[in-house]
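Take a look at the letters that make up each chain.
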Amino acid sequence: MFDWIENLATWFVFSILKLEEGSHLAEALHFFIYDTIKILLLVFVIIFFMGIVNSYFPVEKVRNYLSRKKLYGFEYLMASLFGVVTPFCSCSSVPLFIGFVKGGIPLGVTFAFLITSPLVNEVAIGLFIGLFGLKTTIIYVVSGVLLGTFSGMILQRLKLERYLSPWVQQVLENSQKETAQFEAAHTSLKDRLPSIWKETKTILMGILPYVIIGIAIGGLMHGYIPEGFFEQYMGKGNWFAVPAATILAVPMYSNASGILPVAQVLVSKGIPLGTAIAFMMGVVGLSLPEAMLLKKIMTLKLIAIFFSVVTLCIIISGYVFNIIF
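Definitions and cut-offs
Residues numbered from 1 in each chain as written. Predicted model: local features only at pLDDT ≥ 70, side-chain atom pairs only at ≥ 80, totals over all residues. Heavy atoms only, no water. Axes fitted to C-alpha atoms, helices over the stretch in contact; angles between N-to-C directions. Helix = DSSP H or I, 4+ residues; strand = E, 2+ residues; numbered from the N terminus. Parallel < 35°, antiparallel > 145°, perpendicular 65-115°, else oblique. Left-handed = near helix turned anticlockwise from the far one by under 90°. Contact = heavy atoms within 4.5 Å. Nonpolar A, V, L, I, M, F, W, Y, C, P; charged D, E, K, R; others polar. Core = buried A, V, L, I, M, F, W, Y, C linked by side-chain atoms within 4.5 Å. Buried < 20%, exposed > 50% of the residue type's maximum accessible area, 1.4 Å probe, protein only. Phe/Tyr/Trp six-rings, centres within 6.5 Å; stacked < 30°, edge-to-face > 60°.

**Describing the packing of helix α6 (residues 107-119) against helix α8 (residues 134-157)**
The angle between the axes and the distance between the axes are what describe a pair of packed helices. Following both chains from N to C, one finds α6 and α8 inclined at 155°, their axes separated by 7 Å at the closest point. Viewed along their axes, α6 and α8 adopt a mutual orientation that is roughly antiparallel. For the pair α6 and α8, the sense of crossing is right-handed. In this structure, α6 uses Leu107, Gly108, Val109, Phe111, Ala112, Ile115, Thr116 and Leu119 to contact α8, whose residues at the interface are Tyr140, Gly144, Val145, Leu147, Gly148, Ser151, Gly152, Leu155 and Gln156. Tallied by class, residues from the contact of α6 with α8 come to 10 nonpolar, 7 polar and no charged.

**Some thoughts on the nonpolar core**
Formed by 59 residues in total, the largest nonpolar core has its most connected members in Tyr140, Met280 and Phe306. The biggest single contributor to this core is helix α16 (residues 300-324), with 10 residues. The contact partners of tyrosine 140, leaving out residues within four places of it in the chain, are Leu119, Val120, Phe128, Ile277, Met280, Met281 and Phe321. Among the nonpolar cores identified, the runner-up in size contains 8 residues, and Tyr76, Ala79, Val85 and Ala112 belong to it.

**Brief notes about the packing of α8 against α16**
For the pair α8 and α16, the least separation of the axes is 10 Å and the interaxial angle reads 150°. Relative to α16, the element α8 lies roughly antiparallel. Every pair of crossing elements has a handedness; the one defined by α8 and α16 is right-handed. Contacts between α8 and α16 involve Thr136, Ile139, Tyr140, Ser143, Leu147, Ser151, Ile154 and Leu155 from the former and Ile305, Phe306, Val309, Val310, Cys313, Ile314, Ser317, Phe321 and Ile324 from the latter. Tallied by class, the residues present in the contact of α8 with α16 amount to 13 nonpolar, 4 polar and no charged.

**Quick notes on the packing of aromatic side chains**
The full count for this structure, using the stated rule, is 4 aromatic pairs. With centroids separated by 5.0 Å and ring planes inclined at 45°, the aromatic side chains of phenylalanine 128 and phenylalanine 132 adopt a geometry described as tilted. A residue pair is termed a helical-turn pair when its members lie 3 or 4 positions apart in one helix, as phenylalanine 128 and phenylalanine 132 do in helix α7 (residues 122-132) at 4 residues. Among the residues examined, phenylalanine 128 registers a relative accessible area of 0% and is labelled buried. Classification of phenylalanine 132 as buried rests on a relative accessible area of 17%. Relative to phenylalanine 307, the ring of phenylalanine 306 lies with its centre 5.7 Å away and its plane at 70°, an arrangement referred to as edge-to-face. The class of phenylalanine 306 is buried, set by a relative accessible area of 1%. Judged by relative accessible area, which is 13%, phenylalanine 307 ranks as buried. Taken together, Phe111, Phe306 and Phe307 form an aromatic cluster joined through their ring pairs.

**What about unusual backbone geometry?**
The residue lysine 18 is not glycine, and still its phi comes out positive at about 55°. Within the element layout of this structure, lysine 18 appears in the loop between α1 (3-16) and α2 (24-56). For lysine 18, a relative accessible area of 64% corresponds to the exposed category. Its identity is not glycine, yet lysine 159 carries a phi of approximately 50°, on the positive side. Tracing the sequence through the fold places lysine 159 in the loop between α8 and α9 (166-174). With relative accessibility at 57%, the residue lysine 159 sits in the exposed group.

Right, dumping it as C-alpha cells:
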C-alpha cells in the first residue's frame, strides 16, 4: 500500500539529491521522507473518520450518560474507550478530567479516561499502523484500554476522593450535577462535514510539529546509531530494562506523534518491542508537566498514588508485549 511512498523517497534521495546509497545521511533522510508522508496520510484519514464519529457522540452527551447510569463496572471500560476517541496528550486531558469530576463521575472512572486518552487515540493508532503494522496496533489498543480500565478500578477501590485538593472539594460541594440538556441535532452528515474538516485541520496542524520533530529524531537515530547500540543495555536478557525504561521516561514529555517514531527506531536497533512501548507509554502517559497541572485538583499523595499505579501497569504491559513478541 505504501510502495509509492517508498519509491518517491528513494527517487528524491538518490536521483534528485544524488546521495550515496548506504551513507548515514541518505539512510536518515530516506527514513524521514518515507515516514513523514506515510504517517501524516494515515493520521489525516483516521482523524477525519473519528471526527465523524465524535460529531454523533459529543463529550457532554457521554459525560451525562456516565454520571446518570449505573453500569456495574462497565463504566470503566466505557471511559477508557472514550479516551480512545479523544486526541489529547496527557496535559490536554486534564481540563476534561476536571469537568468529569465536577460532573459527578466517580474518580476511578475519570482516571480510566485520563490514563487511556493520551496512550490510545486516533493519532496514536494511525502512527502505530504505519510504524508497526496492524497486528501490533490491535494488541497495543487492547492493552492500552485494559490498562486504563484496570487502573481506574484499582484507584476507585482505594477510595481516594479525600485526597482531592480543597479547591475541587469545594467545587463539588457547591455545584449541582449537570443535567442532560443535549438536544438531538438532526443535522445531516453533509452539513456536518465542513466543521469536521475544520477540526481535522486544526488537530493535524497541532500535531504536525511533533510529528516532524519526532520523525527527525528517529531519522537521525536510524541513520547514525549503529546496530546493537541499545541492545547491550536494554536487550531481552536484561530483566530490569522494562521498569528502567518506564521510570526514565517520566521526566520527559511528548505526545504519541513525537515519541512513536523514536520507539520505532529503538525497536529497529534491537530494543524489545515491549521495552520500547513501555518507554513510550511512560513519556506519553506520565510526565512532570501533567503532574504540575494535576496539582490544582489533587494532593501530592494522590498524584504519587496515581503515578505509582499507572507505572506498575505500564511495566506489566511491557513485559506482556515482550512475551508475546
